[in-house]
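Working through the structure, step by step
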Amino acid sequence: MKFAEIQQLEENFQIATYKKMGIAVERGSGAWVWTSDGEKYLDLYGGHAVCATGHSHPHVVKAIQEQTEKILFYSNLVYSEIRGRAAEKLVSVAPKGLTKAFFCNSGTEANENAMRMARMATGRQKIVSFTGGFHGRTADSISATFLGKYREIGKPNVPLHVEAKFGDIESVIAVADDETAAIILEPIQSMAGVREVEPAFFSRLRELCDDRGIVLIFDEVQTGIGRTGNWFFAGSDLSGGIEPDIITLAKSLGSGIPVGACLANERVSSQIKENDLGTTFGGGMLAMAAALATLEAIDQDGMIENARAIENRLRQSLEGVRGIPGVHGKGCLLGIEFDGPASQIHSRLLERKIITGTSSDPKVLRLLPPLSTTTEQIDLFIDCLKEEATAAT
Ligand SMILES: Cc1ncc(COP(=O)(O)O)c(C=O)c1O
């Protein structure tokens, strides 16, 4: 089918809820995708922060294919070797205190379950989250999302959600009391425009949570699974080495097969009993094969080191470029700040067959490329970007 026909087909039969780019993607390999019209695009948005291993990584595809020959699905009511191995591998790369996994299907579901675990572990109700954070679109997660109009579209909100300022420990101290079950945050606020804070903020949060018996949740739906050049933001130098009580994950974990997860420490996991949490699809065999193979591929191909190399190359090449006052973020979660609107640069790059992302900050273009993106691919982007940024000034 040609693009116009595909577009019409989707529009005829789907609720118009997404602002789409004017292309139809048909296949992909690494950081490349090909459209219905046979055009090749460089995907530095990584299929919406999902394809950390690149599109259709051969090791992941093989694992999925092999699993389909055995069984597609059985729920958590039976034991499964592939589920056990995926959990073991995930825990083995996690910060050392986070010893147990709970699998679900998406980022918002991981956050819902994390907040529920925090309430169960503390017997308290209140949740503190941050201006600019995004945690998903289901009831509790959207109520914890103090970014733009999201909370508004999620009304009626779940009660007892309160807001603090990202990076401002005094604002947290003012609202996090002995009624508070959890503090949840994106350690780098991606949608808000790749906003970062000093590592000292995380150690102050950890101290505060320890003092007041609060569960600390890192939403690593975007920052997790190697994206920042570390397996997780938690426990790395980026957080000053501190560990939260729960980490939530999704996006990259299944390379495109929907998988979400909560990782919890003993303090939390020991409070969760039979039937406290559950899901039909979470932990299904196909999803677990994808998750295990994703983690193996990241390991085997040295993608975490590559994520760091990509960041370094971009930072060095964009240093001092006219029209680009700043580069934010870590590894393969980067925000490029312009003097003018990023949406214009986004459109111009798309015309030049490079896919990038925008953010809630009108001046910030977001990159969430596969961790396997090559130096040549990054250089191609840098050349185009320099021309466009300079032309826009
Ligand atoms: C940091 C963060 N948390 C949670 C979510 C929600 O994930 P999902 O769309 O899989 O429900 C997202 C999605 O963009 C996200 O970026």
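Residues numbered from 1 in each chain as written. Predicted model: local features only at pLDDT ≥ 70, side-chain atom pairs only at ≥ 80, totals over all residues. Heavy atoms only, no water.

**Some remarks on the pairing of strand S10 (residues 260-265)**
- S10 sits mainly inside the fold: six of its six residues count as buried.
- Where strand S4 (residues 98-104) meets S10, six bridges bridge the pair, whose relative direction is antiparallel. Bridging from a neighbouring strand, Ala101 pairs with Leu263 of S10.
- In terms of strand pairing, strand S9 (residues 246-249) meets S10 through four bridges, oriented antiparallel. Residue pairing in the sheet places Thr248 in a bridge with Cys262 of S10. (Buried < 20%, exposed > 50% of the residue type's maximum accessible area, 1.4 Å probe, protein only. Helix = DSSP H or I, 4+ residues; strand = E, 2+ residues; numbered from the N terminus. Pairing = 2+ DSSP bridges.)

**Some words on the nonpolar core**
- Core analysis: the biggest nonpolar cluster contains 93 residues, and Leu90, Val172, Ile183, Phe201, Phe232, Phe381 and Leu385 have the highest contact counts within it.
- Per-element tally for this core: the top contributor is helix H11 (residues 285-300), with eleven residues.
- Among all residues touching Leu90, those that are not within four sequence positions of it are Ala101, Phe103, Ile225, Phe232, Leu249, Leu253, Ala261, Leu263 and Leu295. (Core = buried A, V, L, I, M, F, W, Y, C linked by side-chain atoms within 4.5 Å. Contact = heavy atoms within 4.5 Å.)

**What to know about the packing of aromatic side chains**
- In the structure shown here, the tally under the stated rule is nine aromatic pairs.
- Measuring from centroid to centroid gives 5.0 Å for Phe134 and Tyr150, while their planes differ by 70°, and the two rings are edge-to-face. Placement of the pair is Phe134 in the loop between strand S5 (126-130) and helix H6 (139-143) and Tyr150 in helix H7 (residues 150-153), with a sequence separation of 16 residues. Grouping residues by exposure puts Phe134 and Tyr150 together as buried.
- For the pair Phe201 and Phe202, a centre-to-centre distance of 5.9 Å together with 65° between the ring planes defines the contact as edge-to-face. (Phe/Tyr/Trp six-rings, centres within 6.5 Å; stacked < 30°, edge-to-face > 60°.)

**Some thoughts on H11**
- Taking 1.5 Å of rise per residue, 16 residues should cover 22 Å, and H11 covers 22 Å from first to last C-alpha, within 8% of that figure.
- For H11, a buried count of twelve out of 16 residues is recorded, marking the element as mostly surrounded by other parts of the structure.
- Every buried residue of H11 is listed here: Met285, Ala287, Met288, Ala289, Ala290, Ala291, Leu292, Ala293, Thr294, Leu295, Ala297 and Ile298.
- Buried residues belonging to H11 abut helix H3 (58-70), helix H4 (81-93), S4 and helix H12 (303-318).
- After H11 finishes, the residue Gly302 shows a positive phi value of roughly 60°. (Expected span 1.5 Å × (residues − 1).)

**With respect to the side chain of Thr223**
- Looking at the secondary structure, you find Thr223 in the loop between strand S8 (215-219) and S9.
- Exposure remark for Thr223: the relative accessible area of 1% places this residue in the buried category.
- Side chain to side chain, Thr223 and Glu220 meet in a polar contact 2.8 Å long. (Polar contact = N/O pair within 3.5 Å; in protein donor to acceptor, adjacent residues only side chain to side chain.)

**Details of a nonpolar patch on the surface**
- Together, Met1, Leu9 and Phe13 make up a nonpolar patch on the protein surface, roughly 380 Å² of accessible area in all.
- Structurally, Leu9 is set in helix H1 (residues 3-13).
- Looking at Leu9, the relative accessible area reads 41%, which means it is partly exposed. (Patch = residues over 30% accessible without salt bridge, like charges linked within 9 Å, V, L, I, M, F, W, Y side chains within 5 Å. Areas by Shrake-Rupley, 256 points an atom, 1.4 Å probe, with all protein chains shown as cover. Salt bridge = Lys/Arg side-chain N within 4 Å of Asp/Glu carboxyl O.)

**What to know about the site of the ligand**
- Every residue near the ligand is listed here: Ser106, Gly107, Thr108, Asn111, Phe134, His135, Gly136, Glu186, Asp219, Val221, Gln222 and Lys251.
- A distance of 2.8 Å is found between an oxygen atom of the ligand and a backbone nitrogen or oxygen belonging to Gly107.
- For the ligand, an oxygen atom lies 2.9 Å from a polar atom in the backbone of Thr108.
- A total of 390 Å² of accessible area belongs to the ligand in isolation, and the protein chains cover 82% of it.
- Element by element, the count of residues in the shell around the ligand is highest for helix H5 (residues 107-122), at three residues.
- Residues of the shell around the ligand, tallied by class, amount to two nonpolar, seven polar and three charged. (Near = heavy atom within 4 Å. Nonpolar A, V, L, I, M, F, W, Y, C, P; charged D, E, K, R; others polar.)

**Some words on the state of the cysteines**
- Per the stated rule, a full pass over the model turns up zero disulfides.
- The cysteine Cys104 is free of any disulfide, with Cys262 supplying the nearest cysteine sulfur at 5.3 Å.
- Cys104 gets classed as buried once you look at its relative accessible area, which sits at 2%.
- With no disulfide of its own, Cys384 lies 18 Å from the sulfur of Cys332, the closest cysteine sulfur. (Disulfide = S-S within 2.5 Å.)

**A few points about the layout of surface pockets**
- Its volume calculated, the second largest pocket comes out at about 670 Å³.
- In terms of lining, the second largest pocket is formed by 22 residues, of which the most central are Ala101, Phe102, Ile272, Lys273 and Leu277.
- Broken down by secondary-structure element, the contributors of at least two residues to the lining of the second largest pocket are S4, S10 and helix H10 (266-269).
- Top element by residues in the lining of the second largest pocket is S4. It accounts for four residues.
- Looking at side-chain class alone, the lining of the second largest pocket contains nine nonpolar, seven polar and six charged residues. (1 Å grid on protein atoms, 1.4 Å probe; cavity = no way out; pocket = protein on both sides within 12 Å on 5 of 7 lines; lining within 4 Å. Points joined across faces, edges and corners; volume = space filled by probe spheres on them.)

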